[in-house]
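# Fold and contact review
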Amino acid sequence: MSARVGMSSDAEKRAGKKGNRTGVRLKVARYIIKRTLLFIPAILVILFILYTLIYFLPGSRMAMMPISRGGDALDSLFTSISAPDNFFTKFVRYIYNIIAHRDFGRSTPSSAGLMSDIAYRIKNTLLLLLTGVGATIVVGVPLGIYAALRKGRAADRVVSVITVFLSALPPYTVAIVLAIVICVRLSLLPVTHVASDPKAYILPTVTIALGGIASVARMARSSMLEVLEQPYITALRSKGLPERSVILKHALKNAMIPVISALGGLIAQLLCGTFVVENFFMVPGLGSFMLNSLSVRDHFEILGCAVILIIILMCMNLVSDILYGFVNPKIRLRYAEKPARRKRKEAAG
Amino acid sequence: MDKDSMSDILLDVRELDVSFDTHTGKLHAVNKISYAVREGEVMGLVGESGSGKTVSSYSILGLLKPPAVINGGRVLYKGRDILGLSNKEAAAIRGREISMIFQNPMSCFDPVFTIGSQMTETVLANDKTASKAEAAARSIDMLREVSIRNPGQLMRRYSYELSGGMLQRVMIAMALLCKPKLLIADEPTTALDVTIQAAIIQILKKLQKQHNMAMLYITHNFGIVAEICDRVSVMCGGYIVEQGSTDDIFYSSAHPYTQLLMKMVPRMDTPLSEPLPYIEGLPSDPTALGEGCVFCTRCPYSRDICREKKPPEVSLAPGHTASCWLRADNASAESGRPSV
C-alpha cells in the first residue's frame, strides 16, 4: 500500500516535470476509454455471481434453461464438442444469448422477452433518476453555499433545520405526505402516473430529489465553510480580488471536490429511492417492474434488470469520476499516470 | 514617534486595538499599539508567538474575520483611514497599494488553479486596462525577478507540484505584480529551511531596494531583523514595548523583554552540550490582562508598581521609545537604575 502511494506521487512529479498539459489531456481521454472497456469484464463477473446465486435457488428457472436454441453458431459449437448440459454451458449460453440475440431469456415461451418489455421502462427510470440527480445538484449546491455564506445567521439556521428534517425523512413518507397534500387536498397534480401527462413526473422527481437535496446541501455547506477557513482564501483576498471571484470562482470550485466525489454513492442511493417512488406513484419504471418480477419469481427478469441497473450505476459512477478529475487537477494527473492501478482498486471496491 | 518626518509617513497605525470574542471571554490580541512606516523603509515587528504581530498586520488589510473585533484606533495609509473599509473599497487597496506575503506558502495557493492563472488573475483584478496576454507577460517578468529559471513552464504548474521555497518566491512575485507601495511580510521564511530562508531574504531585500517599497516585516528572528530592518517595534502580549532603529534595539535596548529576547538568540560559540536559553515563565493570559505591565510576571526586575500600573512610553533618544517603569524612573529621577 505504502509503495503504491509513493509511486503515484512520483508519477505525479514526473507528469508535472513534463509540463505538458495536452499530453495529460490525451492520457485522460485514454483513461476514460479504458474505464469504459473495463465495464465488460466487470459486468461479466457480476453476471456470473448473480447467475450462480439464482441458478442454485430451489426451483430456479435458470437451471431449466435449454442449452440449445435450435441452430445458431453456439449450437454447432456445442454439438461439435458434445458439450454436457450443466451449469457452465448454461452460463455460456445465457451470455451468448444476451450478446448475439439481445435476449435475456424467457420464463414462459409466450412472454415477449425482457428487452421489449423494459425498453420503455428504462426510459422512465432514467428520466426520474436524471431529473432527480439534476434537481439535487441544482438546488442542493446553491442552498448549501448560501447557508455557508450566511453562517450562524437566521437563513443558515432555517436551511439547517430544513435539511436535517428532510434527510431524516424516508422517501415513502415524503411521497405519502406530498400525495395527500398536493394531489388529494389541492388536486394540483395527478396522483398516479398518466403516460401522456408530463406533470405526472413532477411529484416522483421531487420525492426522489428531496433526500438528495438535503444531503448535498449539508455537504456543500460544510465543505464551503472548511474552504473559507483555508489560508489561500485570505491570500486571494489580500491580492485585491473582488469578493465575488474569491467566493464563486475559487472557494466554490474547491468546495465542490468532496461533493462530486460523494456523487457516485448518492446516485446509488437515489436509484434505490426511485424503486419506492415508482411503486408508489405507479410509474412504469424498472424498479416497479423488478419488484413485480421478484414477487412472481421470474428469475430471468430479475437477473436482466439487475444487469441493466448495474450498467446504469457504472455509467453514473464513471461520469462522476470524470467530473471529479475535471475539478481536481491532482486526480486528473493520477488518471493520466496510473490507470491500471486505479481500475483494479475500483473493480475490487 | 517621528515628529520631524511626518510628511513621508506611508502607513500610520494609531492606537489599534483588536480583540477576539471567545467562549472564555474577550481575548485582547492587540492593545492600542501605534507605529509608523515611512516610504521605502523596512519596519520590523518582532515578538514571541501570540504577541499579536500577525493580527495587527491582518487588520491593516481588513483580512480579519469574526470572532476578531476591532475595538478602536486608526490605520492611516497616505493620510486616509483604511480601517473598516467595505470589501469593495478594501479590494482597491489590496494588491495595488498594500500587498502581503504569508507564513506558509504551501497553503496560500488555490490548489485547483494553476500558478499562471492565479497570477494573471491578480493583474487583471488590479489593472482593468491590461489584456490577458499583457498580464501573462507581466507575470513571467515578475517570476524572472524572483530568480525563477523557467517561468513560462512554471505558470502551467499547480501549487502542489512546487516546493515551499519555490512557492514563497512565487508568492513574492505575485505580491509585487502590481507595484505596491507597502509590502507586509508575515514571517515569510518561518516555514522554510535555513538555506532557502537566506535566498528568500536576499530576494526581498533586493526587490525592496529596486522598487523603493516600504516593508512591514513580521518575524521572531533577530538575525533577519539585523539583516534587513531599518527600524524595529518589539511586541509582547499585544503591546509594543519598545520601538527604535535597528541599532537602538541591538546596541542599547531599554526594555527588559527586548534584552532577554536578544539573549535568547542561540550563538555559534556556545557549546552544544548547553541547553538553549529561554525566558522563564509563560506569556501572560490574553483573556485576563492585569492592571500592570504585560511583562511583569516574567520580568526579573519587576517591582510593585509594575504590577499595579501600566508603564508610560518613555522617549530615550530621537525615535527610540520604551514602555517600562525602569526607564520612567530613570527619566524622572536618577534612582534605582538597574545595571542591566
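Residues numbered from 1 in each chain as written. Chains lettered and ligands numbered in written order. Predicted model: local features only at pLDDT ≥ 70, side-chain atom pairs only at ≥ 80, totals over all residues. Heavy atoms only, no water.

## A look at the overall build of chain A
Within chain A one finds 16 helices and zero strands. Looking at chain A as a whole, 46% of its 349 residues are labelled buried. Contacts in chain A between residues far apart in sequence, at least 24 positions, make up 73% of those at least 6 positions apart. On chain A, roughly 17500 Å² of surface is accessible, and the fraction owed to carbon and sulfur atoms is 68%. (Helix = DSSP H or I, 4+ residues; strand = E, 2+ residues; numbered from the N terminus. Buried < 20%, exposed > 50% of the residue type's maximum accessible area, 1.4 Å probe, protein only. Contact = heavy atoms within 4.5 Å. Areas by Shrake-Rupley, 256 points an atom, 1.4 Å probe, with all protein chains shown as cover.)

## Side note on the overall build of chain B
Each helix and strand counted, chain B has 12 helices and 12 strands in total. Here chain B has a C-alpha radius of gyration of 21 Å; the compact-globule value for 340 residues is 20 Å, and the two agree. Its C-alpha atoms give chain B principal-axis dimensions of roughly 70 × 50 × 45 Å. Here chain B, with 340 residues, has 53% of them falling under the buried criterion. Long-range pairs, those at least 24 residues apart, make up 65% of the contacts in chain B between residues at least 6 apart in sequence. Carbon and sulfur atoms make up 54% of the accessible area of chain B, which amounts to about 15500 Å² in all. Separation of charge centres in chain B, based on 36 positive and 38 negative side chains, amounts to 5 Å. (Rg over C-alpha atoms; globule rule 2.2 N^0.38 Å. Lys, Arg positive; Asp, Glu negative; His and termini not counted. Charge placed at Lys NZ, Arg CZ, Asp CG, Glu CD.)

## Structural notes on the pairing of strand β4 (residues 68-77) of chain B
Residues and elements named next belong to chain B. Note that strand β1 (residues 9-22) and β4 share eight bridges and pair antiparallel. Opposite Arg-14, over in β4, you have Arg-74 as the bridge partner. Where β4 lies against strand β5 (residues 80-81), two bridges are found, and the strand directions are antiparallel. Residue pairing for β5: Tyr-77 is matched across the bridge by Arg-80. Between the antiparallel neighbours β4 and β5 lie two residues, among them Lys-78 with a positive phi of about 50°. (Pairing = 2+ DSSP bridges.)

## Comments concerning the packing of helix α12 (residues 263-281) of chain A against helix α14 (residues 299-327) of chain A
Residue and element names in this part refer to chain A. As a packed pair, α12 and α14 sit with axes 9 Å apart at the nearest point and diverge in direction by 150°. The orientation of α12 with respect to α14, classified from their angle, is roughly antiparallel. When you trace α12 past α14, the crossing you get is right-handed. Contacts between α12 and α14 involve Leu-263, Gly-264, Ile-267, Ala-268, Leu-271 and Phe-275 on the former and, on the latter, Leu-309, Leu-313, Met-316, Asn-317 and Ser-320. (Axes fitted to C-alpha atoms, helices over the stretch in contact; angles between N-to-C directions. Parallel < 35°, antiparallel > 145°, perpendicular 65-115°, else oblique. Left-handed = near helix turned anticlockwise from the far one by under 90°.)

## Side note on the pattern of salt bridges
All names here are of chain B. By the definition in use, this model includes 16 salt bridges over all chains. Residue Lys-53 pairs with Glu-187 through a salt bridge whose shortest N-O separation is 3.7 Å. Here the residue Lys-53 occupies a position in helix α1 (residues 53-60), and Glu-187 occupies one in the loop between β7 (182-186) and α7 (194-211), the gap between them amounting to 134 residues. An identical accessibility class is assigned to Lys-53 and Glu-187; each is buried. (Salt bridge = Lys/Arg side-chain N within 4 Å of Asp/Glu carboxyl O.)

## Let's talk about the environment of B:Gln197
Residues and elements named next belong to chain B. Its location among the elements puts Gln-197 in helix α7. For the pair Gln-197 and Asp-127, spaced 70 residues apart in sequence, the C-alpha to C-alpha distance is 31 Å. Ignoring any residue separated from it by four or fewer positions in sequence, one finds Gln-197 in contact with Thr-189, Leu-192 and Asn-221. Here the side chain of Gln-197 touches Thr-189 through a polar contact of 3.1 Å, landing on its backbone oxygen. (Polar contact = N/O pair within 3.5 Å; in protein donor to acceptor, adjacent residues only side chain to side chain.)

## Focus: the nonpolar core
B:Tyr35, B:Ile60, B:Ile98, B:Met119 and B:Tyr217 are the most contacted members of the largest nonpolar core, which has 98 residues in total. Sorting elements by how many residues they give to this core places helix α6 (residues 164-176) of chain B first, with eight residues. There are two domains that each give this core at least three residues, and those are domain 1 (3-97 + 180-267 + 276-332) and domain 2 (99-179) of chain B. Grouped together as the second largest cluster of nonpolar side chains are 81 residues, A:Leu241, A:Met256, A:Phe275 and A:Met290 included. (Core = buried A, V, L, I, M, F, W, Y, C linked by side-chain atoms within 4.5 Å. Domains from an automatic or database assignment.)

## Section: a nonpolar patch on the surface
Residue and element names in this part refer to chain A. Where nonpolar side chains cluster on the molecular surface, the patch consists of Ile-176, Val-177, Ile-180, Val-181, Val-184, Leu-186, Leu-188, Val-191 and Phe-280 and spans about 750 Å² of accessible area. Examining the composition of the nonpolar patch, we find that five residues originate from one element, helix α8 (residues 171-185), more than from any other. Among the secondary structure elements, Phe-280 is positioned in helix α12. (Patch = residues over 30% accessible without salt bridge, like charges linked within 9 Å, V, L, I, M, F, W, Y side chains within 5 Å.)

## Some thoughts on the sheet that holds β1(B)
Residue and element names in this part refer to chain B. Spatially, the four strands line up as an open sheet ordered β2-β1-β4-β5, and their pairing is antiparallel. Strand pairing shows two members of the sheet lacking a second neighbour, β2 (25-38) and β5, which therefore form its edges. α1 contacts β1, β2 and β4 of the sheet and is inclined by roughly 115° relative to β1.

## Here's the deal with the interface of chain A and chain B
Every contact between the two is made by 30 residues of chain A and, on the other side, 30 residues of chain B. Carbon and sulfur atoms make up 55% of the area that chain A and chain B hide from each other, which totals about 2600 Å². Taken together, chain A and chain B are joined by two salt bridges. Across the salt bridge formed by B:Glu121 and A:Lys249, the nearest N and O atoms sit 2.8 Å from each other. Run the count over chain A and chain B and you get 11 residue pairs in polar contact (both at pLDDT 80 or more). For the side of chain A that touches chain B, the secondary structure elements donating two or more residues are α1 (2-18), α10 (231-238), α11 (243-261) and α15 (329-337) of chain A. Across the side of chain A that touches chain B, the residue classes break down as 11 nonpolar, eight polar and 11 charged. (Buried area = accessible area lost by both parts, 1.4 Å probe. Nonpolar A, V, L, I, M, F, W, Y, C, P; charged D, E, K, R; others polar.)

## Observations concerning the packing of aromatic side chains
Across all of its chains, the model carries 16 aromatic pairs over all chains by this definition. Judged by centre distance (5.0 Å) and plane angle (70°), the ring pair of A:Phe87 and A:Phe88 falls under edge-to-face. The buried category is assigned to A:Phe87, whose relative accessible area is 11%. Among the residues examined, A:Phe88 registers a relative accessible area of 53% and is labelled exposed. Feature note: the residues A:Phe48, A:Tyr51, A:Tyr55, A:Phe56, A:Phe87, A:Phe88, A:Phe91, A:Tyr94 and A:Phe300 constitute an aromatic cluster, connected by ring pairs. Its guanidinium or amino end placed over the ring of B:Phe113, A:Lys249 lies 5.2 Å from that ring's centre, counting from NZ or CZ. Lying across the ring of B:Phe113, A:Lys253 places its NZ or CZ 4.7 Å from the centre. (Phe/Tyr/Trp six-rings, centres within 6.5 Å; stacked < 30°, edge-to-face > 60°. Lys NZ or Arg CZ within 6 Å of the ring centre and 35° of its normal.)

What is shown is where atoms sit, not what they do.
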